[in-house]
Amino acid sequence: MDIALLRTFLAVSDTGSFVAASARLFVTQSAVSLRVQRLEDQLGQVLFTRSKAGVALTPAGRAFERYAISLVKLWEEARQQVAVPEGFHQSLTIGAQYSLWPRLGFRWMDALQQARPDLALRAELGMPDRLTRFLIEGVIQVALTYLPQARPGLTVVPVMEDELILASSFPSDDMAAVRDAYVFMDWGPEFTQAHATDLPDLPIAGVTLSLGALGIDYIVNRRAAAYLPARAAKPLLDAGRLHLVPGAPVFPYPVWSVFRDDLPDDLATTARQTLAEVAQRAEDAQEEVMDELERLTGHAVETLGED
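All of these numbers come straight from a predicted model, not from anything done at the bench.

**Q** Any chance you could explain the layout of surface pockets here in plain terms?
**A** Any empty space left between the atoms is revealed when a probe the size of a water molecule rolls over them. By volume, the largest pocket is sized at about 440 Å³. If you trace the largest pocket, you find 23 residues lining it, with Ile 69, Thr 132, Ile 136, Glu 137 and Arg 151 closest to the centre. Where the lining of the largest pocket is concerned, the elements lending two or more residues are helix 1 (3-15), helix 4 (59-82) and helix 6 (128-137). No other element matches the 6 residues that helix 6 contributes to the lining of the largest pocket. Class assignment for the residues of the lining of the largest pocket results in 7 nonpolar, 5 polar and 11 charged. Of the pockets and cavities examined, the second largest pocket occupies roughly 320 Å³.

Pasting the structure below:
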């Protein structure tokens, strides 16, 4: 059976729309419709009911969905196993949001290689929805994300809390000094709401970045300031290219790992242990930043959104 047909079926099932599925798969809507029609012809069953509100699975579609997921997963397992390089015995594919690769994801890969020299590694990049889809389909076995999605067959485990700190590319005495250079980093609805409530004197500026830690490059190379992960900003803070803003509150942003439940026990144990070790080192480095911010502020640092 054509795997592309199965992926298309699952995309339509997940989004409830041929249009949304076409955007996800980067194909035309007519291509999605044709693939679904071909699959229905092969199965001899109607898989979706169509209406102006969208599409919904028929009883046959619901029955077929779990088989489609299993078939795609089996294909991915076979593809990855065949692709294991000579000299390696197992493979692991890790997915993560961009902001979680620097000083966490990459160091986790280093730790895994040290613990398991026979393990071949592959890295994938994606936003939470894409990572969840990859986990379900077996494209990746574990993901690092800020926004985990609980699904059958997946286990969500807390990793650490990123502390988002206000940093600027120039020294400042307080938040008022960076007001005109402030760039809003979009860290999601909870951050936006806390920001609006607790920082009315630091309005969302004319520049908004939804780039995660990639935004650090923008900030450090301009007269600018923004909320950045302390973990990722620390090397530039140590080098004097970024500066903490005294008196600025911080925003805890939890990091989660999501594991496929069918990951071999020995590999899952190694992956969890090495990730915990790397996360602890990241938290230790982050604590140094928080201690320095508290010293500059002269009192305990406040938390955005905290009553």
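What follows picks up the thread again.
**Q** I would appreciate a short explanation of the side chain of Arg 260 in the present structure.
**A** For Arg 260, the position within the fold is in strand 11 (residues 251-260). On the basis of relative accessibility, which here comes to 10%, the residue Arg 260 falls in the buried class. For Arg 260, the side chain forms a polar contact with the main-chain oxygen of Ile 136, separated by 3.2 Å. With sequence-adjacent residues up to four places away left out, Arg 260 is seen in contact with Lys 73, Leu 135, Ile 136, Glu 137, Gly 138, Ile 140, Gln 141, Gly 153 and Leu 154.

**Q** It is not clear to me how the pattern of salt bridges should be interpreted in this structure. Could you clarify?
**A** Where charged atoms from two side chains of opposite charge approach closely, those side chains can pair. A complete count under the given rule lists 11 salt bridges for this structure. Taking the shortest distance from any N to any O, the salt bridge between Arg 122 and Glu 124 comes out at 3.1 Å. Notably, a salt bridge pairs Glu 288 with Lys 234, separated by 3.3 Å at the nearest N-O pair. One end of the pair, Glu 288, is in helix 10 (residues 265-297); the other, Lys 234, is in helix 9 (residues 230-238), with 54 residues separating them in the sequence. For Glu 288, a relative accessible area of 48% gives the class partly exposed.

**Q** What's the story with the environment of Leu 199 in this structure? I'm lost.
**A** Within the fold, Leu 199 resides in the loop between helix 7 (189-198) and strand 8 (208-209). For Leu 199, a relative accessible area of 7% gives the class buried. Separated by 68 residues in sequence, Leu 199 and Leu 131 place their C-alpha atoms 32 Å apart. Excluding residues within four positions of it along the chain, Leu 199 makes contact with Met 175, Ala 194, Tyr 227, Pro 249 and Leu 304.

**Q** Explain empty space enclosed by the protein here, please?
**A** Overall, the coordinates contain 1 cavity of 30 Å³ or more when judged by the stated rule. In this structure, the largest cavity spans a volume of roughly 40 Å³. Every residue along the wall of the largest cavity is listed here: Pro 128, Leu 131, Thr 132, Leu 135, Ala 143, Thr 145, Leu 147, Pro 148, Gln 149 and Val 258. Elements supplying a minimum of two residues to the lining of the largest cavity: helix 6 and strand 5 (142-145). Element by element, the count of residues in the lining of the largest cavity is highest for helix 6, at 4 residues.

**Q** Honestly, the packing of helix 5 (residues 101-115) against helix 10 in this entry has me stumped. Any pointers?
**A** The packing of two helices is summarised by the inter-axis angle and the distance between the axes. Viewed as axis vectors pointing N to C, helix 5 and helix 10 meet at an angle of 135°, and their least axial separation amounts to 9 Å. The angle between helix 5 and helix 10 places the two elements in the oblique class. The interaxial crossing formed by helix 5 with helix 10 has right-handed handedness. Contact with helix 5, carried on its side by Arg 103, Leu 104, Arg 107, Trp 108, Ala 111, Leu 112 and Ala 115, involves Thr 270, Ala 271, Thr 274, Leu 275, Val 278, Ala 279, Ala 282 and Ala 285 of helix 10 and no other residues of that element. Looking at the contact of helix 5 with helix 10 residue by residue, the class counts come to 11 nonpolar, 2 polar and 2 charged.

**Q** Which parts of the structure should I look at to understand the nonpolar core?
**A** In summary, soluble globular proteins display a tendency toward joint burial of nonpolar side chains. Formed by 70 residues in total, the largest nonpolar core has its most connected members in Trp 108, Ile 165, Leu 166, Tyr 227 and Leu 242. With 10 residues, the top contributor of residues to this core is helix 10. With 19 residues, the next largest nonpolar core counts Leu 6, Ala 11, Val 32 and Leu 57 among its residues.

**Q** In this structure, what is going on with unusual backbone geometry? I would like to understand it.
**A** Peptide bonds are, in most cases, trans, and in most cases residues other than glycine have a negative phi. A positive phi is found at Phe 26, a non-glycine position, where the angle reads about 60°. Mapped onto the fold, Phe 26 is located in the loop between helix 2 (18-25) and helix 3 (29-43). In this structure Phe 26 comes out as exposed when scored by relative accessible area, which is 78%.

**Q** So what exactly am I meant to see when it comes to a nonpolar patch on the surface here?
**A** Where nonpolar side chains cluster on the molecular surface, the patch consists of Tyr 98, Leu 125, Leu 211 and Leu 214 and spans about 330 Å² of accessible area. Structurally, the position occupied by Leu 125 is in strand 4 (residues 119-125). Taking the relative accessible area as the measure of exposure, Leu 125 reaches 43% and is therefore partly exposed.

Parameters and conventions
Residues numbered from 1 in each chain as written. Predicted model: local features only at pLDDT ≥ 70, side-chain atom pairs only at ≥ 80, totals over all residues. Heavy atoms only, no water. 1 Å grid on protein atoms, 1.4 Å probe; cavity = no way out; pocket = protein on both sides within 12 Å on 5 of 7 lines; lining within 4 Å. Points joined across faces, edges and corners; volume = space filled by probe spheres on them. Helix = DSSP H or I, 4+ residues; strand = E, 2+ residues; numbered from the N terminus. Nonpolar A, V, L, I, M, F, W, Y, C, P; charged D, E, K, R; others polar. Buried < 20%, exposed > 50% of the residue type's maximum accessible area, 1.4 Å probe, protein only. Polar contact = N/O pair within 3.5 Å; in protein donor to acceptor, adjacent residues only side chain to side chain. Contact = heavy atoms within 4.5 Å. Salt bridge = Lys/Arg side-chain N within 4 Å of Asp/Glu carboxyl O. Axes fitted to C-alpha atoms, helices over the stretch in contact; angles between N-to-C directions. Parallel < 35°, antiparallel > 145°, perpendicular 65-115°, else oblique. Left-handed = near helix turned anticlockwise from the far one by under 90°. Core = buried A, V, L, I, M, F, W, Y, C linked by side-chain atoms within 4.5 Å. Patch = residues over 30% accessible without salt bridge, like charges linked within 9 Å, V, L, I, M, F, W, Y side chains within 5 Å. Areas by Shrake-Rupley, 256 points an atom, 1.4 Å probe, with all protein chains shown as cover.

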